[in-house]
Amino acid sequence: MAKALDFKTYVDQACKAAEEFARIYYETMDKRRQALTRLYLDKATLVWNGNVVTGLEALRDFFEMLPSSEFRINVLDCQPVHAQATQSQTTVLVVTSGSVTFHGQKRRYFNQNFLLTTQTSSNKTVWKIASDCFRFQDWSSN
């Protein structure tokens, strides 16, 4: 029974981290986009509607070309990734869904998945994005 409780605590901690991360990520995307790459690992990969962007410099260039935005999150889910799958690196899968309006465009729905991993520097542990997959959810008009 103790193992189940320990896992529940682990899940609760992952969910708390995911909620805080999502708040920071989307606030930064909307209001301080120039700082967004600080949330990514140096060799992180973004897949934006099937287009791959890798590395901080490429990410910075990509985010700078996007129009200003207003994100609204409707759904947030998360789960810790089993240690055997990540060589014991603390990792959390975060899934969000919502809508975004880019300046001069109509509101669109999206799904976004993040793999977050912990990084320790200067005796401080922070979550960093290892992988980010963003996809617009355009509904068929048929």
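What you are looking at is a predicted structure, and each value in this text was computed from that prediction instead of being measured.

This brings us to the environment of glycine 98. Locating glycine 98 in the fold gives a position in strand E4 (residues 91-102). Exposure remark for glycine 98: the relative accessible area of 1% places this residue in the buried category. Sequence separation of glycine 98 and valine 75 is 23 residues, and the distance between their C-alpha atoms is 6.5 Å. Other than its neighbours up to four places away in sequence, glycine 98 contacts Arg72, Ile73, Asn74, Arg108, Tyr109 and Phe110.

Considering all chains together, one arrives at six salt bridges under this definition. Close ionic contact of glutamate 20 with arginine 23 constitutes a salt bridge, the shortest N to O distance being 2.7 Å. With a gap of three residues between them, glutamate 20 and arginine 23 both fall in helix H1 (residues 2-31), about one helical turn apart. The partly exposed category is assigned to glutamate 20, whose relative accessible area is 39%.

Using the criterion set out here, one finds 19 aromatic pairs in the structure. Taking the centre distance of 3.8 Å and the plane angle of 5° together, the rings of tryptophan 48 and phenylalanine 134 count as stacked. With tryptophan 48 in strand E1 (residues 40-48) and phenylalanine 134 in strand E6 (residues 124-136), the pair connects residues that are 86 residues apart, well separated along the chain. Comparing tryptophan 48 with phenylalanine 134 shows no difference in burial state: the two are buried.

Let us now look at the side chain of arginine 33. On the secondary structure map, arginine 33 appears in the loop between H1 and E1. For the buried arginine 33, no salt bridge is present, and the opposite-charge side chain at shortest range is aspartate 30, 5.2 Å distant. Separated by 3.1 Å, the side chain of arginine 33 and the backbone oxygen of methionine 29 make a polar contact.

Cut-off values and rules
Residues numbered from 1 in each chain as written. Predicted model: local features only at pLDDT ≥ 70, side-chain atom pairs only at ≥ 80, totals over all residues. Heavy atoms only, no water. Helix = DSSP H or I, 4+ residues; strand = E, 2+ residues; numbered from the N terminus. Buried < 20%, exposed > 50% of the residue type's maximum accessible area, 1.4 Å probe, protein only. Contact = heavy atoms within 4.5 Å. Salt bridge = Lys/Arg side-chain N within 4 Å of Asp/Glu carboxyl O. Phe/Tyr/Trp six-rings, centres within 6.5 Å; stacked < 30°, edge-to-face > 60°. Lys, Arg positive; Asp, Glu negative; His and termini not counted. Polar contact = N/O pair within 3.5 Å; in protein donor to acceptor, adjacent residues only side chain to side chain.

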